[in-house]
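Residue strings, one per chain:
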Amino acid sequence: LVIAIGLKEHGALSLAEGYYKKAAEEGNKKIANEALFLLGECEFKLGLISEARYAFAGIDTSTAYTAAALKRLAEIDLSQRNYEGVVTWVEEGRDSYPSEFEDGWTTYALSTSLLELGRTDEAQSEVNTFGVKHTEQDAWFLLARAALEAKQAKDLYPEAAEKNERKLAAAADKAENQ
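Chains are numbered independently. Their residues run from 1 in the order of the written sequence. This being a predicted model, a pLDDT of at least 70 is required before a residue's local features are given, and a value of 80 or more before pairs of side-chain atoms are given or counted; all residues contribute to the totals for chains, interfaces and linings. The side-chain values count all of the structure's non-hydrogen atoms but skip hydrogen atoms and water molecules.

## Things to note about the packing of helix 8 (residues 120-133) against helix 9 (residues 139-156)
In helix packing, the relevant descriptors are the interaxial angle and the interaxial distance, both defined with respect to the helix axes.
Here is step 1 of the chain: In this analysis, axes come from line fits to C-alpha atoms, helices being fitted only over the stretch in contact, and the angle between any two N-to-C directions falls in the range 0 to 180 degrees. Counting from the N terminus, the helices are DSSP H or I runs at least four residues long and the strands are E runs at least two residues long. Relative orientation of the contacting elements helix 8 and helix 9 amounts to 145°, with a least axis distance of 10 Å. When you trace helix 8 past helix 9, the crossing you get is left-handed. Contact residues: Thr 120, Ala 123, Gln 124, Val 127, Phe 130 and Gly 131 in helix 8; Phe 141, Ala 144, Arg 145, Leu 148, Lys 151, Gln 152 and Asp 155 in helix 9.
Here is step 2 of the chain: Lys, Arg, Asp and Glu make up the charged group, whereas Ala, Val, Leu, Ile, Met, Phe, Trp, Tyr, Cys and Pro make up the nonpolar group; the residues left over, Gly among them, are polar. For the contact of helix 8 with helix 9, a count of residues per class yields six nonpolar, four polar and three charged. Rotating anticlockwise by less than a right angle from the far helix to the near helix defines a left-handed crossing, while the corresponding clockwise rotation defines a right-handed one. Residue contacts are counted whenever heavy atoms from the two residues lie within 4.5 Å of one another.

## Considerations on unusual backbone geometry
Here is step 1 of the chain: One non-glycine residue, Arg 81, adopts positive backbone phi at about 60°.
Here is step 2 of the chain: By the element assignment, Arg 81 lies in the loop between helix 5 (66-79) and helix 6 (83-96).
Here is step 3 of the chain: Here the term buried applies to any residue with accessible area under 20% of the maximum for its type, exposed to any over 50%, and partly exposed to those in between, with areas from a 1.4 Å probe on protein chains only. Judged by its relative accessible area of 64%, Arg 81 falls in the exposed class.

## Considering the environment of Asn 82
Here is step 1 of the chain: Structurally, Asn 82 is set in the loop between helix 5 and helix 6.
Here is step 2 of the chain: Here Asn 82 falls in the partly exposed class, since its relative accessible area comes to 32%.
Here is step 3 of the chain: Placed 35 residues apart in sequence, Asn 82 and Leu 117 show a C-alpha to C-alpha distance of 9.9 Å.

## Quick look at the layout of surface pockets
Where empty space is left becomes clear once a probe the size of a water molecule has been rolled over the atoms.
Here is step 1 of the chain: Here the term cavity refers to a set of points on a 1 Å grid, laid over the protein atoms alone, in which a 1.4 Å probe fits but cannot get out; the term pocket refers to an open set having protein on both sides within 12 Å along at least five of seven lines, with lining residues being those that place an atom within 4 Å of a point. Grid points are joined across faces, edges and corners, and a volume is the space filled by probe spheres set on the points. By volume, the largest pocket amounts to about 230 Å³.
Here is step 2 of the chain: What lines the largest pocket is Tyr 108, Thr 112, Leu 115, Glu 116, Ala 147, Ala 150, Lys 151 and Lys 154.
Here is step 3 of the chain: Counting only elements with at least two residues in the lining of the largest pocket, the list comes to helix 7 (104-116) and helix 9.

## Overview of the packing of helix 3 (residues 29-46) against helix 5
Here is step 1 of the chain: Following both chains from N to C, one finds helix 3 and helix 5 inclined at 25°, their axes separated by 11 Å at the closest point. One element, helix 3, and the other, helix 5, form an angle in the roughly parallel class. In this structure, helix 3 crosses over helix 5, and the sense of that crossing is left-handed. Across the interface between the two elements, Phe 37, Glu 41 and Phe 44 of helix 3 pack against Ala 68, Ala 69, Arg 72, Glu 75 and Ile 76 of helix 5.
Here is step 2 of the chain: Split by residue class, the contact of helix 3 with helix 5 holds five nonpolar, no polar and three charged. An angle below 35 degrees is treated as roughly parallel, one above 145 as roughly antiparallel, one from 65 to 115 as roughly perpendicular, and anything else as oblique.

## Thoughts on the nonpolar core
Here is step 1 of the chain: Ranked by internal contacts, the top residues of the largest apolar core, which has 35 residues, are Phe 37, Phe 56, Ile 59 and Leu 78.
Here is step 2 of the chain: Elements represented by at least two residues in this core include exactly helix 3, helix 4 (49-57), helix 5, helix 6, helix 7, helix 8 and helix 9.
Here is step 3 of the chain: Not counting chain neighbours up to four residues away, the residues in contact with Phe 37 comprise Phe 56, Ile 59, Tyr 65, Ala 68 and Ala 69. Nonpolar cores are built from buried Ala, Val, Leu, Ile, Met, Phe, Trp, Tyr and Cys residues. Side-chain atoms within 4.5 Å join them into one set.

Here's what the structure looks like:
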């Protein structure tokens, strides 16, 4: 594990990956969980998303790394548009580590996922709750609120939203063809 950490600190992520795997396989439970987390971080930075997901999901449910691993899993699922996965990881995190999941990014990830799943009322509740507990100047909160307002406007004025989407698609096609 020490060799892997040293390699990672020097930017040799692909070399560190093998040492993390070995530490995860051969170390005691505590070392294995740390190695899995660090392996997941390494693979995430290398763009090996499926492998990173596997490493983070392999961490025991009650370690010092569990909350961070759950957040990383939610981040991976959000980037891959697996909105059910985001909801699952955030809910699991809030049940087990409530203070770790009360930040703006979590609110944004959960509320936008709920919006994508058509659960607008739950997203509204999530944004409102965050706005009461925390500052409304949080950038993630503002993004979550903007996404909610955009969804509400789209629901109120579907014809205008559809027209804007067609205009955006036409502009994208025009820009692509130039």
